[in-house]
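# Structural features, examined
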Amino acid sequence: MTATTLTAQHAKVQIARMSRNSERDLAMWRRLLQTADGATLFHTADFLSYHGDRFDEHHLGVFKGDQLIAMMPMALVPHDDGIMARSPYGASYGGMITAGQMSYRTSCEVADALCEYLSKSGVKSLQMTPSLIEYSIRGDETLLFALMQRELHSIRHDVTHLVPVAQTGIEESLSTRARRAMHRAEQCGVTIARRVPIAEIWPVIEMTHEKFGGTPTHTMSQLASLTQSLRHHIFADAAMQDGKPIAAVVYFVLNSHTWMTFYLATNPDYRDSQGLTLLLCDGLSQCAREGIRYLDLGTSSVDLMARDNLFQFKENFGTVARFRTTYLLSMKEAMNPQRVSLEAE
């Protein structure tokens, strides 16, 4: 852990680089995650370790004295105007997570310390996609506000669809169309297989991506490795017919009250069997039994271009649309002496 000495006025915090390969850092990291509001699977060293050494990792801890009060998983990547810091990298969400409620004054100190640290490290900009507020219990955004005062601004909005999980039964939240599809699947003899090996469902995942002209985010071996090393947090379920998978969902358990679907896949030859609808209904039932508040069905747009088929399908489950927002902070703007002098007046 290498700390940067701060010279900013009223700075009572220090920024230090942390390593997931350091036992001391890893112990502090894991303790913070136990209480940090909005922390997700993507913030854990266990998840990030699957990247190996593919990224120039530069995780940051925020300290008051010896106490770790916040941290941000981060990597440095080459960019047009120099080095860019990214959080997340190789994940869906990142940003800074805090040990508890952070006051406005402390948030400003953290924001100033972060900008100073990144600037001294030669970083030109920070790109950050924080967790959705629904992933939190308190949902405090004071630190985000403090960073916005230092010229953090949004550069991308993607729509993600969340299902508020009904604890008393799922059918009441389904559209008429979804209820009919679920019953159709049952009539076709579709059954659910839970915690299936990735190799069994991979052909269905490939079929789905080929149909829409894309490629899976992970390779089969990467996804299989994740389900093995993080089997309580990442797993696959399948809808079965004629003895084979006809639809598949890969679930990521983000935290104690949120699950996310990372892959929604179906065999086009069995589309009329409605296996994917039945599979998601089963997933919602699992969420209800586990006391989960939200099932995130993932993004349905790219650069404000809607994927109509995803909107239509997901809206059948009583979803609410939320923005997955990516922000950018230029160190040149954040460290502008004119901005600092204006704030001091």
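Our structure's up above, just so we're on the same page.
Anyway, here's the lowdown on the structure attached to this text.

Parameters at a glance
- Residues numbered from 1 in each chain as written.
- Predicted model: local features only at pLDDT ≥ 70, side-chain atom pairs only at ≥ 80, totals over all residues.
- Heavy atoms only, no water.
- Salt bridge = Lys/Arg side-chain N within 4 Å of Asp/Glu carboxyl O.
- Helix = DSSP H or I, 4+ residues; strand = E, 2+ residues; numbered from the N terminus.
- Buried < 20%, exposed > 50% of the residue type's maximum accessible area, 1.4 Å probe, protein only.
- Polar contact = N/O pair within 3.5 Å; in protein donor to acceptor, adjacent residues only side chain to side chain.
- Contact = heavy atoms within 4.5 Å.
- Phe/Tyr/Trp six-rings, centres within 6.5 Å; stacked < 30°, edge-to-face > 60°.
- Lys NZ or Arg CZ within 6 Å of the ring centre and 35° of its normal.
- Expected span 1.5 Å × (residues − 1).
- Axes fitted to C-alpha atoms, helices over the stretch in contact; angles between N-to-C directions.
- Parallel < 35°, antiparallel > 145°, perpendicular 65-115°, else oblique.
- Left-handed = near helix turned anticlockwise from the far one by under 90°.
- Nonpolar A, V, L, I, M, F, W, Y, C, P; charged D, E, K, R; others polar.

### A look at the pattern of salt bridges
This model, assessed by the stated rule, comprises 10 salt bridges. Between Lys120 and Glu116 there is a salt bridge whose closest N-O contact spans 3.0 Å. Residue Lys120 and its partner Glu116 are located together in helix H3 (residues 104-120), separated by four residues, close to a single helical turn. The exposure class of Glu116 is buried, given its relative accessible area of 7%. Its salt-bridge partner being Asp282, residue Arg194 comes within 2.6 Å of it at the nearest N-O pair. A residue pair is termed long-range when its members are at least 10 positions apart, and Arg194 in the loop between strand E11 (191-193) and helix H6 (198-211) and Asp282 in helix H8 (residues 275-290) qualify at 88 residues. Here the residues in one salt-bridge network are Arg156, Asp158, Asp303 and Arg324, joined through shared partners.

### A short note on unusual backbone geometry
Going from Ser87 to Pro88, the amide bond is cis rather than trans, its omega being 15°. Residue position: Pro88 is located in the loop between strand E7 (82-87) and strand E8 (97-98). Residues other than glycine seldom take positive phi values, yet Gln274 does so here, at roughly 60°. On the secondary structure map, Gln274 appears in the loop between strand E14 (258-266) and H8.

### Re the side chain of Ser131
By the element assignment, Ser131 lies in the loop between strand E9 (123-128) and helix H4 (142-149). A polar contact of 3.1 Å, which involves the side chain of Ser131, links it to the backbone oxygen of Gly38. Dropping the residues within four chain positions of it, Ser131 is found in contact with Gly38, Thr40, His43, Tyr93 and Gly94.

### With respect to the packing of aromatic side chains
This structure, assessed with the given rule, holds 13 aromatic pairs. Aromatic side chains Phe262 and Tyr263 sit 5.3 Å apart centroid to centroid with 65° between the ring planes, which places their arrangement in the edge-to-face category. Assessed through its relative accessible area of 24%, Phe262 is described here as partly exposed. Relative accessible area serves as the criterion here: at 3%, Tyr263 is assigned to the buried category. In textbook terms, an aromatic cluster arises when at least three aromatic residues are bridged by ring pairs, as seen for Phe42, Phe47, Tyr50, Phe252, Phe262 and Tyr263. For the cation-ring pair, Arg195 lies above Phe235, with the distance from its terminal atom to the ring centre recorded as 3.6 Å.

### Re H6
Look at H6: 20 Å from first C-alpha to last across 14 residues, which is about the 20 Å you get at 1.5 Å a residue. Looking only at H6, the buried set comprises Ile198, Ile201, Trp202, Val204, Ile205 and Thr208. Considering only its buried residues, H6 is in contact with helix H7 (220-229), strand E12 (234-241), strand E13 (244-255) and E14. Of the residues one or two after H6, Gly213 is the one with positive phi, at around 75°.

### Here we look at the packing of H3 against H4
The N-to-C vectors of H3 and H4 enclose an angle of 50°; their axes lie 8 Å apart at closest approach. Classified by the interaxial angle, the pair formed by H3 and H4 is oblique. As for how H3 packs across H4, the hand of that crossing is right-handed. Across the interface between the two elements, Tyr104, Ser107, Cys108, Val110, Ala111 and Leu114 of H3 pack against Thr142, Leu143, Phe145, Ala146, Leu147 and Gln149 of H4. Residue composition of the contact of H3 with H4, grouped by class: nine nonpolar, three polar and no charged.

From the geometry alone we can't say anything about function, so treat these as descriptive.
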